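Analysis of the macromolecular model
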Amino acid sequence: QVQLVESGGGLVQAGGSLRLSCAASGRTFSNYDMGWFRQAPGKEREFVGAISWGDTYYADSVKGRFTISRDNAKNTVYLQMNSLKPEDTAVYYCAAGGGLGSYSYTGKYNYWGQGIQVTVSS
């Protein structure tokens, strides 16, 4: 069992930065692929990025602006968000999993955080 808790969200002006953290419980954190997703009001949950061992994967909409990293010693994964845009406004979720499928597939992930609000004002 893995429990995930996101932190670091909030309100930021367009062009600004935020860093989200996702702290995981459990002793096998390093074994999991970690993903970040987001969901804006009235929209489906969408893939933001993922990290698997040393490899990272990003949605085209955030590539070059967002960076995912992990610290296995701290059981934490990070989402550094730069050059934020109003369209980045959403609830952001971290997820842990190891199932088959694309990193952008929600079914790949077994555990989800409760989500955290990120609001980017224009």
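The residue numbers shown here count from 1 along each chain, following its written sequence. Residue-level local features of this predicted model are given only where pLDDT is at least 70; pairs of side-chain atoms are given and counted only at 80 or more, and the full residue set underlies all totals for whole chains, interfaces and linings. With hydrogens and water stripped out, all remaining heavy atoms of the structure feed into the side-chain values.

1. Examining the nonpolar core
To keep things clear, this is the line we draw: We call a set of buried Ala, Val, Leu, Ile, Met, Phe, Trp, Tyr and Cys residues a nonpolar core when their side-chain atoms join them within 4.5 Å. Accessibility here uses a 1.4 Å probe with only protein chains present; expressed as a share of the type maximum, an area under 20% marks a residue as buried, one over 50% as exposed, and anything in between as partly exposed. We count a stretch as a helix when DSSP gives it H or I for four or more residues in a row; a strand needs E for two or more, and each element gets its number in order from the N terminus. We call two residues in contact whenever any of their non-hydrogen atoms come within 4.5 Å of each other.
Membership of the largest hydrophobic core comes to 36 residues, with the highest contact counts inside it found for L4, M34, W36, L79, M81 and Y92. For this core, the leading source of residues is strand β9 (residues 90-97), giving 5 residues. Aside from chain neighbours lying at most four places away, what touches Y92 is E6, L20, F37, R38, V48, F66, L79, M81, G115, I116 and V118.

2. Some thoughts on the pattern of salt bridges
This is how it is decided: A side-chain nitrogen of Lys or Arg and a carboxyl oxygen of Asp or Glu constitute a salt bridge if their distance falls within 4 Å.
Counting across every chain of the model gives 5 salt bridges. The closest approach of N and O atoms between D33 and K108, which form a salt bridge, is 3.3 Å. Note that D33 is positioned in strand β4 (residues 33-39) and K108 in the loop between β9 and β10 (109-112), a separation of 75 residues in sequence. With a relative accessible area of 9%, D33 lands in the buried category. A salt bridge links E46 to R38; its shortest N-O distance comes to 2.6 Å. Exposure remark for E46: the relative accessible area of 35% places this residue in the partly exposed category. Note on R38: relative accessible area 5%, which makes it buried. Residues joined by salt bridges that share partners form a network here, namely R38, E46, R65 and D88.

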